[in-house]
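Secondary and tertiary structure notes
Below are the chains, spelled out letter by letter.
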Amino acid sequence: MRKFVLLAGLALMWLAAQATAYEIEDRRSFGPDGASRTLRIISTGDASLFEPILTSFLQSEPNLRIDYVVASSTQLSRAIHEDGAVMDVALSSAMDLQTKLVNDGYALPHRSNATSSLPTWARWRDHLFAFTQEPAAIVLNRAAFDGLPMPRTRQDLIALMRANPDRFEGRVGTYDVRQSGLGYLFATQDARSSETYWRLTEVMGGLGVKLYCCSGLMIDDVVTGDLAVAYNVLGSYAQARPEETQIEVLLPEDFTTVMLRTAFIPASSELPDIAGRFIDHLVTRQWDNAPGLSQVFEGAELTRDDQALRRIRLGPGLLVFLDGFKKQAFFEEWRSAVLQ
Amino acid sequence: MTGAVRKKGSIRRRLIIQLLGGAALLAILMFVVVRLYARDLAADSQDEILSASVTSILDAAAVRNGTLALDIPYSAFSMLGNVSDDRVFYTVTRNDAFVTGYQDLPTPQQGRISETRFRTATYRDVEIRMVTAARRLSIAGVPEVVEVTVAQTRDGLRQTLNEISRTVAMFGIGFFLLAAFLGVLAAQSAIGPLRQLAGSVSRRGPEDLRPVTARVPEEMAPLVAALNSFMSRLKASLTRSEDLIAEAAHRVRTPLATVRTQAEITLRRVDKPENRQAVREMIRAIDESSRAAGQLLDHAMVSFRSEHLETKGVDLCRLASDAVERLRPMADLRDIDIELTLPGEPQILRGDAILLQSALLNLLDNAIKYSPTDSTVRVVVSGDGTAGRVMIRDSGKGFALGELKTLTQRFVRGGNTSGVVGSGLGLTIADEVARAHGGSLKLENAKEGIGGCASLSFLLASR
């Protein structure tokens, strides 16, 4: 018995050492205290965003606790890839990193009725499953556009900014693609979709663009009026703040990049069965009480014109942008456009 | 007639088994060949798309500002994703030094730079297919070799192969079932003529030894020829033996007549009662022999004429009254009265008058023989327009019940006939004549319990 306790203690210490190797932003627990099993979820999404779905899952799983760890997409990737952290579910908006983790063999397969009823673009290899689709939006401050027509496309925006440099000087924001995985994903996909992206980036660079790490901060600055335009903001975050009437969320009509939030079961999972059920729950659940998180099922109407939707495709194509050479080349081009 | 036939196997079964075996073998062969072919095809298509991927990466390799720039096109990997969900690995080296990608990927197949090289290896515990190609670049005036390897797991290949296997297996099973069905049909139709022949031969009457004339397949010709020749030999042999019997009977009858005449003359001369008794016994024996000889001749005649039946219109009434007239003297000797009842109109049937007469004479003779003295034999002719009947009824002991079936066989005599001269051929003759004319002989006992009743029935000629 003493030996066992000793061993268990050592194991716990080792686990703790492991757990600290990657940086976490938040850690929350759900479910009864005395539960015998703990489902470990690592996610890039705010706990508040996911709380409803976690609690609804716990209702069907008595005697289960959920340990919900929030980390950035890079830290999530590092936790699974390098630190070998024991996790049962990995949820992330960084589709490229998720794809790479699955491609490199850090995921377990999962097949169920729920996953097989997903559209083919919403799953890859029976390992990676999309459970929301979220557009990259342009968030505008209404007051800043006073007297100007509201833009509907990137071209409109470019024309407006070129015509009114005084009004927009220093009041344009976007992701710093070198810092933010999601920003990089949006930028690379935009660049792949249209040359307009580079023109827009150059125009924004000329206006002294402010660079951000996260969507939330950008939206905050648009709300206060520090920013007139925030480009490539996670639409779901903006739509989750309907009380902010001074902002306008624009899904550009020329094309709107749509990111899929994805989940997989890490190979290190100790509860793959429950993890599988959790993924089923994720993909089948109505996301009605989470505005902006559009479900993967039932096609999800994101814009009036579905033609303009560019869903980022799951699959090996995403690995291209993670290549070191490719990344360096992209950063250089981006830097020369932004930092003139 | 029907001896046990010793069987060995069945042609039909053997045919079916061989056809099924062949079909199964072909189906399996098809499955194996198609599967092998499909695997080559699927592997080739994977190699091709991997080659295309490698080529597009190599094409993007360029020298910019004196350094290597490698802008991997999005399509290089997305094209792999279009075909299957397989995992993708790649590595790029410059003069054999790692540049980017997966550093721990197995070393590629060695070969000339200009060649596209293929290798199947194991990486991270799964089977991968690697395609490698290289290109010479001049970087800062120094020639260098950039080598690109793109690898993919083979799950898609395996899945494609499984799908093809399933389809081909279904196809093979369908093919086998169809072939089996056709095989059974073929076996049935092959065996058909044999069954027809067996049927037609076994349906034949006992005396029918005519050759088989129906057209038969070539393979059966020797069998049918042998059967025909066997039957003709059998028939010849039967005819010969009947001829012999007839000849013997004829040869015996004439001397017997002489012997009988002499015996009667002797009887008149002999006075001693015991001698007279002896001579009488002799005469009686002679009568019996002569009668038997006569009936044997009759029978031979019936057999012969039955085969070459002459058909003419014959009136049953005429025949019956003729027969009664002929045998009336014999009946009178024994104080037996013959009562003949005839219908108002003639009963005409098509047949051989001599044969029919012989049949009637035999039946009437039997009736007289087995009737006690001072009794009546009734002969009734009747008809209903389609069938005519002659019924002869005596007041004798009747037929033993258990013997009704066997009495018409040759030389079979009833168990209750002792003391009466007879050969056992009378009923046989009547029966054969009836059959030869498509009629029948029916034997029964009178309902009142006295006497037997024999009736001959025939279909009447339609007017």
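These lines cover the structure that appears in this document, whether it is placed above or below. (Residues numbered from 1 in each chain as written. Chains lettered and ligands numbered in written order. Predicted model: local features only at pLDDT ≥ 70, side-chain atom pairs only at ≥ 80, totals over all residues. Heavy atoms only, no water.)

1. Quick look at the sheet that holds strand β6 (residues 126-139) of chain B
All names here are of chain B. So the rule is basically this: For two strands to pair, DSSP has to find at least two bridges joining them. The helix count covers DSSP runs of H or I at least four residues long, the strand count covers runs of E at least two residues long, and both are numbered beginning at the N terminus. Every axis corresponds to a line fitted to the C-alpha atoms, with the helix fit spanning only the stretch in contact, and the corresponding angles, defined between N-to-C directions, vary from 0 to 180 degrees.
Pairing is antiparallel across the open sheet formed by 5 strands, whose spatial order is β4-β3-β7-β6-β5. In the strand order of this sheet, the two ends are held by β4 (97-101) and β5 (117-123), each with one partner. Each adjacent strand pair in this sheet contributes to an overall mean axis angle of 30°, direction not counted. One ladder, built from 12 bridges, connects β6 with strand β7 (residues 142-153); its direction is antiparallel. Across the sheet, S138 pairs through a bridge with P143, a residue of β7.

2. A short note on helix α8 (residues 426-436) of chain B
Residues and elements named next belong to chain B. This is how it is decided: Buried, partly exposed and exposed residues are distinguished by accessible area as a fraction of the type maximum, computed with a 1.4 Å probe on protein chains only: under 20%, between the cut-offs, and over 50%, respectively. Contacts between residues were defined by any pair of non-hydrogen atoms, one from each residue, lying within 4.5 Å.
With 9 of 11 residues buried, α8 is to be regarded as a mostly interior element. Taken as a whole, α8 has its buried residues at G426, L427, T428, I429, A430, D431, E432, V433 and A434. Where α8 is buried, its residues touch α5 (273-307), α7 (353-370), β13 (440-445) and β14 (452-459). A positive phi of about 70° marks G438, the residue just after α8.

3. Some words on the interface of chain B and chain A
Heads up, the rule is: By buried area we mean the combined loss of accessible area, with a 1.4 Å probe, across both parts when two parts are placed together. Take a side-chain nitrogen of Lys or Arg and a carboxyl oxygen of Asp or Glu: if they are within 4 Å of each other, that pair is a salt bridge. Any pair of nitrogen or oxygen atoms within 3.5 Å is treated as a polar contact; in protein, a donor-acceptor pairing is required on top of that, and neighbouring residues in sequence qualify only through side-chain atoms on both sides. Lys, Arg, Asp and Glu make up the charged group, whereas Ala, Val, Leu, Ile, Met, Phe, Trp, Tyr, Cys and Pro make up the nonpolar group; the residues left over, Gly among them, are polar.
Counting residues at the interface gives 24 residues for chain B and 20 residues for chain A. Of the roughly 1900 Å² buried between chain B and chain A on both sides combined, carbon and sulfur atoms contribute 50%. In terms of surface lost to chain A, no three residues of chain B exceed Y74, D85 and R87 of chain B, which account for 36% of the buried area on that side. Our enumeration of links across chain B and chain A arrives at 2 salt bridges. Across the pair K326 of chain A and D71 of chain B runs a salt bridge, and its minimum N-O distance is 2.6 Å. Where chain B meets chain A, there are 15 residue pairs in polar contact (both at pLDDT 80 or more). Only β2 (67-70), α2 (74-83), β3 (88-94) and β4 of chain B provide two or more residues apiece to the side of chain B that touches chain A. Its residues assigned to classes, the side of chain B that touches chain A comprises 12 nonpolar, 6 polar and 6 charged.

4. So, a nonpolar patch on the surface
Residue and element names in this part refer to chain B. Rules: For patches, a residue must show more than 30% relative accessible area and have no salt bridge; joins then use 9 Å for like charges and 5 Å for nonpolar side chains, namely Val, Leu, Ile, Met, Phe, Trp and Tyr. To be clear on the numbers: accessible area is Shrake-Rupley with a 1.4 Å probe, and residue cover counts the displayed protein chains and nothing else.
On the surface, L26, L29, V33 and F175 cluster together into a nonpolar patch covering about 370 Å² of accessible area. Element by element, the count of residues in the nonpolar patch is highest for helix α1 (residues 11-60), at 3 residues. Topologically, F175 is positioned in helix α3 (residues 155-202). According to the relative accessible area criterion, F175 is partly exposed, its value standing at 33%.

5. Quick look at the layout of surface pockets
Using the following cut-off: The definitions used throughout rest on a 1 Å grid laid over the protein atoms alone, on which a cavity is an enclosed set of points accommodating a 1.4 Å probe that cannot get out and a pocket is an open set flanked by protein within 12 Å on both sides along at least five of seven lines; lining residues are those having an atom within 4 Å of a point. Grid points are joined across faces, edges and corners, and a volume is the space filled by probe spheres set on the points.
When its volume is computed, the second largest pocket comes out at roughly 810 Å³. For the second largest pocket, the lining is made up of 31 residues, of which V83, S84, D85, D86 and Q159 of chain B are closest to its centre. Where the lining of the second largest pocket is concerned, the elements lending two or more residues are β6 (123-124) of chain A together with α1, α2 and α3 of chain B. The dominant element in the lining of the second largest pocket, judged by the number of residues it contributes, is α3 of chain B, at 6 residues. For the lining of the second largest pocket, a count of residues per class yields 10 nonpolar, 12 polar and 9 charged.

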